[in-house]
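The residues making up each chain are set out below.
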Amino acid sequence: MAKVYIGIDNGTTGSVGIISNMDDNKRVLYFHTPKKKELNYTKTKRFIHRVDGTKLKNLISSSLIELGCIDPQDVMVFIERPFTNIKAINTMLLSVRALEATLIVIELLGLPYMYVDSKEWQRHMLPSGLEKKELKMASMQVGQRLFPSVDFSDFDDADGLLIAEYYRRKGF
């Protein structure tokens, strides 16, 4: 069983939730996936957002150190699968690019990981019967109830934390 659970809501607008059970003391950290804005790789003038791999690596590393976790085998990372829908090809490509950048960081840190489906953790962490447009609001409200010490003022949802909490509860 892991001692530190990292939930990653994939994407450049995603988040990273870290829940630690080190020394039987539950601690919670939550931050946005760091991103950087740069010119697109095409010849037309267009800006894109990319995962800032260096900042993501540093944030995860410093978080693990802060939590007293030095053994990568005490950690389990759960990464939400990217959005895939050929009808929305641009969004799908952005999701897959963000996933690849995140994977590189996780692999450089030597952390074990697995992919998770949003519907699985949402089914257990959010009320049933929600419509797509209600998911973010519900995620935020559940996150605020479960983690009252976290400052959510800069977030649209609590997905990264709820992913980590779902698998912590499962005792993965």
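First things first, this report covers the structure right here in the doc.

Rules behind the numbers
Residues numbered from 1 in each chain as written. Predicted model: local features only at pLDDT ≥ 70, side-chain atom pairs only at ≥ 80, totals over all residues. Heavy atoms only, no water. Axes fitted to C-alpha atoms, helices over the stretch in contact; angles between N-to-C directions. Helix = DSSP H or I, 4+ residues; strand = E, 2+ residues; numbered from the N terminus. Parallel < 35°, antiparallel > 145°, perpendicular 65-115°, else oblique. Left-handed = near helix turned anticlockwise from the far one by under 90°. Contact = heavy atoms within 4.5 Å. Nonpolar A, V, L, I, M, F, W, Y, C, P; charged D, E, K, R; others polar. Pairing = 2+ DSSP bridges. Salt bridge = Lys/Arg side-chain N within 4 Å of Asp/Glu carboxyl O. Buried < 20%, exposed > 50% of the residue type's maximum accessible area, 1.4 Å probe, protein only. Phe/Tyr/Trp six-rings, centres within 6.5 Å; stacked < 30°, edge-to-face > 60°.

**Considering the packing of helix α4 (residues 135-146) against helix α5 (residues 159-170)**
Argument step 1. Packing of α4 against α5 leaves a shortest axis separation of 9 Å and a crossing angle of 60°. Judged on the interaxial angle alone, α5 and α4 are oblique. In terms of crossing hand, the pair formed by α4 and α5 is left-handed. In this structure, α4 uses Ser139, Val142, Gly143 and Leu146 to contact α5, whose residues at the interface are Asp159, Leu162, Glu165 and Arg169.
Argument step 2. Its residues assigned to classes, the contact of α4 with α5 shows 3 nonpolar, 2 polar and 3 charged.

**Describing the sheet that holds strand β3 (residues 27-32)**
Argument step 1. Spatial ordering of the open sheet is given by β3-β2-β1-β6-β7, a layout of 5 strands whose pairing is mixed. In this open sheet, the two edge strands, each paired with only one partner strand, are β3 and β7 (113-116). Across the sheet, the mean angle separating the axes of adjacent strands is 15° when strand polarity is ignored.
Argument step 2. The pairing of strand β1 (residues 4-9) with strand β6 (residues 75-80) spans 5 bridges and is parallel. Each residue of the ladder has a partner; that of tyrosine 5, found in β6, is methionine 76.
Argument step 3. In the packing of helix α1 (residues 53-66) onto the sheet, contacts are made with β1, β2 (15-20), β3 and β6, and the angle to β3 comes to roughly 170°.
Argument step 4. Against the sheet, α5 contacts β1, β2, β3, β6 and β7, and its axis sits at roughly 140° relative to β1.

**Points about the packing of helix α3 (residues 118-125) against α5**
Argument step 1. Where α3 contacts α5, the two axes come as close as 10 Å, and the packing angle between them is 75°. Taken together, the axes of α3 and α5 are roughly perpendicular relative to one another. Across the interface between the two elements, Glu120, Trp121, His124 and Met125 from α3 touch Asp159, Leu162, Ile163, Glu165, Tyr166, Tyr167, Arg169 and Lys170 from α5.
Argument step 2. Residues belonging to the contact of α3 with α5 are distributed by class as follows: 6 nonpolar, 1 polar and 5 charged.

**A look at the pattern of salt bridges**
Argument step 1. Under the definition given, this model contains 8 salt bridges.
Argument step 2. With its nearest N and O atoms 3.5 Å apart, the salt bridge here joins lysine 170 to glutamate 120. Here lysine 170, found in helix α5, pairs with glutamate 120, found in helix α3; they are 50 residues apart in sequence, far enough to count as distant.
Argument step 3. Across the pair arginine 169 and glutamate 165 runs a salt bridge whose closest N-O atoms are separated by 2.8 Å. With arginine 169 and glutamate 165 both in helix α5 and 4 residues apart, the pair spans about one turn of that helix.
Argument step 4. On the basis of relative accessibility, which here comes to 2%, the residue glutamate 165 falls in the buried class.
Argument step 5. Look at the salt bridges and you will find they share partners, linking Lys26, Glu165, Arg168 and Arg169 into a network.

**Some remarks on the packing of aromatic side chains**
Argument step 1. Taken as a whole and judged by the stated rule, the model has 9 aromatic pairs.
Argument step 2. Ring centres of phenylalanine 152 and phenylalanine 155 lie 6.4 Å apart, and the angle between their planes is 75°; this geometry places the pair in the edge-to-face category.
Argument step 3. Assessed through its relative accessible area of 5%, phenylalanine 152 is described here as buried.
Argument step 4. An aromatic cluster is built from Tyr5, Phe78, Tyr166, Tyr167 and Phe172, whose rings are joined through pairwise contacts.

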